[in-house]
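Report on the structure
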Amino acid sequence: MIIVNLDEAFETYLKHWMRDNAESYGTNMDKLEEMIPDVYTEFLHTPLESLNGQTPEEYFGSIRDAGELVTLLRSYILSHTPVPDLLLERIVETGKEAEPLLLDLIQNPEQDEEIRMTAVSLMQEIGGDRPMNLYIDLIAPLEESSDLGDICAESLCAMGKQVVEPVLARYETAGAAAKNIFADILCNFPGDDRIYAILEERFRTQTGMRALFASYLAKYEDERALPVLMEASQMPELGYLDFVEIANAIEALGGERPAEREYAGDPYYEALSHMGD
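Once a new chain begins, its residue numbering starts again from 1 and follows that chain's sequence as written. Totals for whole chains, interfaces and linings use all residues, but because this is a predicted model, local features are given only for residues with pLDDT of at least 70 and pairs of side-chain atoms are given and counted only at 80 or more. Note that the side-chain values use all heavy atoms of the structure and ignore hydrogens as well as water.

1. As for the overall build of the protein
What counts, and what does not: Labels follow the DSSP assignment, with helices taken as runs of H or I lasting at least four residues and strands as runs of E lasting at least two, numbered in each case from the N terminus. Both definitions apply: the radius of gyration is a C-alpha atom measure, and the globule rule equals 2.2 Å times residues to the power 0.38. For the exposure calls, accessible area comes from a 1.4 Å probe over protein chains only, and a residue counts as buried if that area is under 20% of its type's maximum, exposed if over 50%, partly exposed in between. Working rule for contacts: check all heavy atoms of both residues, and any pair within 4.5 Å makes them a contact. What sets the accessible areas is the Shrake-Rupley method with a 1.4 Å probe; for residues, cover comes only from the shown protein chains.
Secondary structure summary: the protein contains 16 helices and zero strands in total. The globule rule puts the C-alpha radius of gyration for 277 residues at 19 Å, and the 25 Å found for the protein is more than 25% above it. The dimensions of the protein, computed from C-alpha atoms along their principal axes, are 70 × 50 × 30 Å. The buried share of the protein, taken over its 277 residues, is 42%. Considering only contacts in the protein between residues 6 or more positions apart, those separated by 24 or more positions represent 63%. Surface summary for the protein: the accessible area is close to 14,900 Å², and the carbon and sulfur share equals 49%.

Given below as C-alpha cells:
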C-alpha cells in the first residue's frame, strides 16, 4: 500500500493550475477561491506518479477490503501524513465490514489516541448504536478531561435518548471528569427530574465551571433553574465570563436579565473591552 501526502500533491497541482489559468481569475482572489473545489475535483481525477500513474480516485477506489483500508488509515496517522478524505469515505462505504476493526482500535488503550478518535468519528458516520456501552465504559473512569472522552460523548449524543438510562446508571460511580462529560450528554434530553438534579448539582458545586453548567441548564430548558441562576448572578465573587453565561441562561429560560455589574479589573472583561482598540 502507498502512503502519499495528497495535501502536498494538491498544493503542487494548484500552483501549476494557477500559472496556466491566470486569465480565468486575474487578480480576483474571491473568484479563485470559488474555483478551488472544482480544481480539486480535477486533481482527484489526475494520474499521479506517486500513485504509480493512478488517479487518487482510482487508487483508493481499488481497495475493497476493509482490513486493508483500516491498516492504511493506521499507517497514515502513525506516519504523521494527513489522512485523505477519499480513504475515510472508503472506510465508511464498507460499513458493517469495518465496524469490528474500528471497534478493536477504539477499545485498545495501546493504540495511538488519534487513531482511536478517528475510529470513533468513522463509527459515527457509519451509524448505529453498537459502540454505545463501549463509549460509556471509556468515559466512566475519567478523572481528567479527555479528547477521546469528548468525541465518544458526541457520538453518544447522536444515538439519541436511548443513551440516557445507561449513562444515568454509571453516573454516581463515575470519575470527576466523567461526571462532567455525562452531564454534557444528559442536558440534551430534557424532561427527566434525575437529569435536572444532576445539572443543578453540577452548577452549584463546580464553581470553577459555572459558565459551562449555566449553558447546560439553559439547554435543558427547565424553568426550575431560574432561582438558582438568579441567586448565582448576584454572588460578589462572580467573574465576568460566568456572569455573562449565567445572564444568558436566565434570558434563555424566560427570566429577566440581571442588571450589568461593574467588572473593571476583571482580566476577561478588560481583554474583551479592548478588542476594538
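2. Quick word on helix α9 (residues 147-158)
Note the threshold: In this scheme, a helix's expected span is set at 1.5 Å multiplied by one less than its residue total. In protein, a polar contact requires one atom able to donate a hydrogen and another able to accept it; more generally it is a pair of N or O atoms within 3.5 Å, and residues adjacent in sequence count only if both atoms are side-chain atoms.
Taking 1.5 Å of rise per residue, the twelve residues of α9 would be expected to cover 16 Å, and the 17 Å separating its terminal C-alpha atoms lies within 8% of that figure. Those residues of α9 that sit buried are L148, G149, I151, C152, A153, S155 and L156. Close packing links the buried residues of α9 with α7 (113-126), α8 (132-139) and α11 (176-186). N-capping of α9 is provided by S146, with a side-chain oxygen placed 3.3 Å from the backbone N of L148. Following α9 by one or two positions, G160 adopts a phi angle in the positive range, close to 85°.

3. Brief notes about helix α14 (residues 225-233)
Let me state the cut-off plainly: This arc is built from the directions going out from the helix axis to the C-beta atoms.
Those residues of α14 not exposed but buried are A225, L226, V228, L229, A232 and S233. Looking straight down α14, one finds its buried side chains confined to an arc of 165°; they lie on one side. Exposed residues lying more than 90 degrees from the buried face of α14 are P227 and E231. In this structure, the buried side of α14 is in contact with α12 (193-205), α13 (210-220) and α15 (240-252).

4. Quick word on the nonpolar core
Quick note on the threshold: What we call a nonpolar core is a set of buried Ala, Val, Leu, Ile, Met, Phe, Trp, Tyr and Cys residues that are connected through their side-chain atoms within 4.5 Å.
One finds L102, I139, F182 and L229 to be the most contacted residues of the largest nonpolar core, which totals 89 residues. Setting aside residues no more than four positions away along its own chain, F182 makes contact with I136, I139, A140, V167, R170, Y171 and A174.

5. A closer look at the environment of P82
Counting through the fold element by element, P82 comes out in the loop between α4 (66-78) and α5 (85-94). For the pair formed by P82 and L238, sequence separation is 156 residues and the distance between their alpha carbons is 43 Å. Setting aside its immediate chain neighbours within four residues, P82 contacts N5, D7 and Y76.

6. Quick notes on the side chain of D222
Note on placement: D222 falls in the loop between α13 and α14. Leaving out residues up to four positions away in the same chain, D222 has contacts with Y196, L217 and L253.

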